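# Observations on the model geometry
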Amino acid sequence: RCMCLCADWNESQDSGYAPLPSSRSHHWWNSTMSSSTAPDPPNPFLTTYENFVQRTPLVTRYILTTLSVTYVLSFIFDPTFVLSCIPYHTVFKFQLYRLITSSLLCTNALSLVFAFLSFGDTGRRLEHGLGSAAMGTLICTLSLIINASYVALSLLAYTASRNQMAITMPNNSGFWPVLLAIIAIECSTAPVDSVRRLFGAYEIRTRYYPLLLLGLFTLFGGFHLAYGLGVAVGYAYGLGKLDMIKPAQDRLNQWENGVLINFTSRQGWVAGHAASGSNAWALPSSNAGGGGGGSGGGWSPATFFQGRQQQQAESSEGGGPGQIAPPNPPAEPAGFPTTGGRALGDGGGSRSNTGAKQRPTAAAIAEAAERRAKATAAASARFADISDDV
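These remarks concern the structure in this document. (Residues numbered from 1 in each chain as written. Predicted model: local features only at pLDDT ≥ 70, side-chain atom pairs only at ≥ 80, totals over all residues. Heavy atoms only, no water.)

### Section: the packing of aromatic side chains
Evaluated as defined, the whole model comprises eight aromatic pairs. Measuring from ring centre to ring centre gives 6.5 Å for Phe 114 and Trp 176, while their planes differ by 50°; the resulting arrangement is tilted. In this pair, Phe 114 is assigned in helix H8 (residues 109-130) and Trp 176 in helix H11 (residues 176-188), connecting sequence segments 62 residues apart. Between Phe 217 and Tyr 227 the ring centres are 5.6 Å apart and the planes differ by 55°, which places this aromatic pair in the tilted class. (Phe/Tyr/Trp six-rings, centres within 6.5 Å; stacked < 30°, edge-to-face > 60°. Helix = DSSP H or I, 4+ residues; strand = E, 2+ residues; numbered from the N terminus.)

This is how it looks when you write it as structure tokens:
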């Protein structure tokens, strides 16, 4: 190319005219300019991460990101001894942070993949239904109870056997115990005849689905005490045995306006008053065609939303000053019964009361219209009599 340009320059100097580029040099110049002005192709990794941030709420995104970071750090050093729940360090060295960080530990690629596949969609729906503050509180509560139970049983085993292994064995099960607890909460109050699909082919009663998962994990990976504790805590939480530790929505609103105010302005935060309750299970699934463990039969877990729907009913009847009651969701088919045999969120009772109030009103309107018709007829008759007299 340089030789062509030089030849063109020499020819122009000999002829005394301005240099004219040859066809080859002209083509090279156009190709160079077009390549320099063309936009760079989008980075597929950056595009995937941006879509993940836009699609996933804050708490779910933080959990999955932390699991990914701990997995990457496992190539540099073993984070198990720093973050896992070791009863000796938790009790005797007072490292209570391990009760939370143990559930955010991931050192296995397969566990990370399954965490994204299983918790990605469930966590997104659950956070949209509960709100980010309630979602974070639920995860922390389950992690605390599971790991505290693990520590208590380890200390009991050490007291009985005097074996140092009982209190130095770490709970490195990662996020799986919390995920099993969430699944057990979801399935604990399902109707008796509802089923869920396993691997898209086998059907099992929904109430026994967590126990089947626990059996499969034990069969393929050996028995883990934390897995069994996760399922037990999930059933206890879903059946109302741990209602005394569930924070009220007013307390969560105070946290959003106080200690969590810096998080409320971040992308993906779901405020408590904007949570959609059980309607979040009507959102489209991010796992297209995933029939491995989705909720079958069109029902949604009412256990998570009992307190929220009761509060919304109270606020709609007579909310306090300055509070805007959320709009009533559209009528939907009755969900599975909660404890006590009532429909999902006790929505049917509130609608029946409203209808009872509206029926007398309609009757009164009809009676008033009838009275007005009679008065009009009487006035017309009097006017006719007066006309006849005139």
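### Remarks on the pattern of salt bridges
A full pass over the atoms with the stated rule returns four salt bridges. A salt bridge links Arg 124 to Asp 121, with the nearest nitrogen and oxygen atoms 3.1 Å apart. A residue pair is termed a helical-turn pair when its members lie 3 or 4 positions apart in one helix, as Arg 124 and Asp 121 do in helix H8 at three residues. Judged on exposure class, the residue Arg 124 and its partner Asp 121 are both buried. A salt bridge links Arg 125 to Asp 121, with the shortest nitrogen-to-oxygen separation between them at 3.0 Å. One end of the pair, Arg 125, and the other, Asp 121, are both in helix H8, four residues apart, so they sit about a helical turn from each other. Note on accessibility: Arg 125 and Asp 121 belong to one class, buried. Several salt bridges share partner residues, and in doing so they unite Asp 121, Arg 124 and Arg 125 into one network. (Salt bridge = Lys/Arg side-chain N within 4 Å of Asp/Glu carboxyl O. Buried < 20%, exposed > 50% of the residue type's maximum accessible area, 1.4 Å probe, protein only.)

### Things to note about the nonpolar core
The nonpolar side chains of soluble globular proteins are, as a tendency, buried together. Core analysis: the largest hydrophobic core is formed by 51 residues, its most contacted members being Leu 67, Phe 119, Leu 142 and Phe 175. Contributions of two or more residues to this core are made by helix H3 (44-55), helix H4 (58-73), H8, helix H9 (132-161), H11, helix H12 (209-221) and helix H13 (225-238). (Core = buried A, V, L, I, M, F, W, Y, C linked by side-chain atoms within 4.5 Å.)

### As for the packing of H9 against H13
Relative to each other, H9 and H13 sit at 130°, their axes nearing to 10 Å. With respect to each other, H9 and H13 are oriented oblique. The way H9 lies across H13 gives a crossing that is right-handed. Of the residues in H13, those in contact with Leu 138, Leu 142, Ile 145, Ile 146, Ser 149, Tyr 150 and Leu 153 of H9 are Leu 225, Ala 226, Leu 229, Gly 230, Val 233 and Tyr 237. (Axes fitted to C-alpha atoms, helices over the stretch in contact; angles between N-to-C directions. Parallel < 35°, antiparallel > 145°, perpendicular 65-115°, else oblique. Left-handed = near helix turned anticlockwise from the far one by under 90°. Contact = heavy atoms within 4.5 Å.)

### Here we look at the packing of H9 against helix H14 (residues 249-257)
The description of two helices packed together rests on the angle between their axes and the distance between the axes. Contact geometry for H9 and H14: axes closest at 9 Å, N-to-C directions at 105°. Looking at the two axes, H9 sits roughly perpendicular to H14. Seen from H9, the contacting residues are Ala 133, Ala 134 and Thr 137; seen from H14, they are Leu 252, Trp 255 and Glu 256. Looking at the contact of H9 with H14, its residues break down into four nonpolar, one polar and one charged. (Nonpolar A, V, L, I, M, F, W, Y, C, P; charged D, E, K, R; others polar.)

### Quick notes on the environment of Thr 101
Assignment of secondary structure puts Thr 101 in helix H7 (residues 98-101). Exposure remark for Thr 101: the relative accessible area of 19% places this residue in the buried category. Distance from Thr 101 to Leu 83, taken between C-alpha atoms, is 5.4 Å for residues 18 residues apart in sequence.

### Describing the side chain of Ser 173
Structurally, Ser 173 can be placed in the loop between helix H10 (165-168) and H11. Of the residues examined, Ser 173 reaches a relative accessible area of 9% and is grouped as buried. Polar contacts involving the side chain of Ser 173 include one to the side chain of Asn 171, which spans 3.2 Å. (Polar contact = N/O pair within 3.5 Å; in protein donor to acceptor, adjacent residues only side chain to side chain.)

### Comments concerning a nonpolar patch on the surface
A cluster of nonpolar side chains, namely Val 69, Leu 73, Phe 75, Ile 76, Phe 77, Phe 81, Val 82 and Tyr 97, defines an oily patch on the protein surface of about 820 Å² accessible area. Listing elements by their share of the nonpolar patch, those giving two or more residues are H4 and helix H5 (80-83). Inspection of the secondary structure puts Leu 73 in helix H4. (Patch = residues over 30% accessible without salt bridge, like charges linked within 9 Å, V, L, I, M, F, W, Y side chains within 5 Å. Areas by Shrake-Rupley, 256 points an atom, 1.4 Å probe, with all protein chains shown as cover.)

Treat this as a map of the structure, not an account of what it does.
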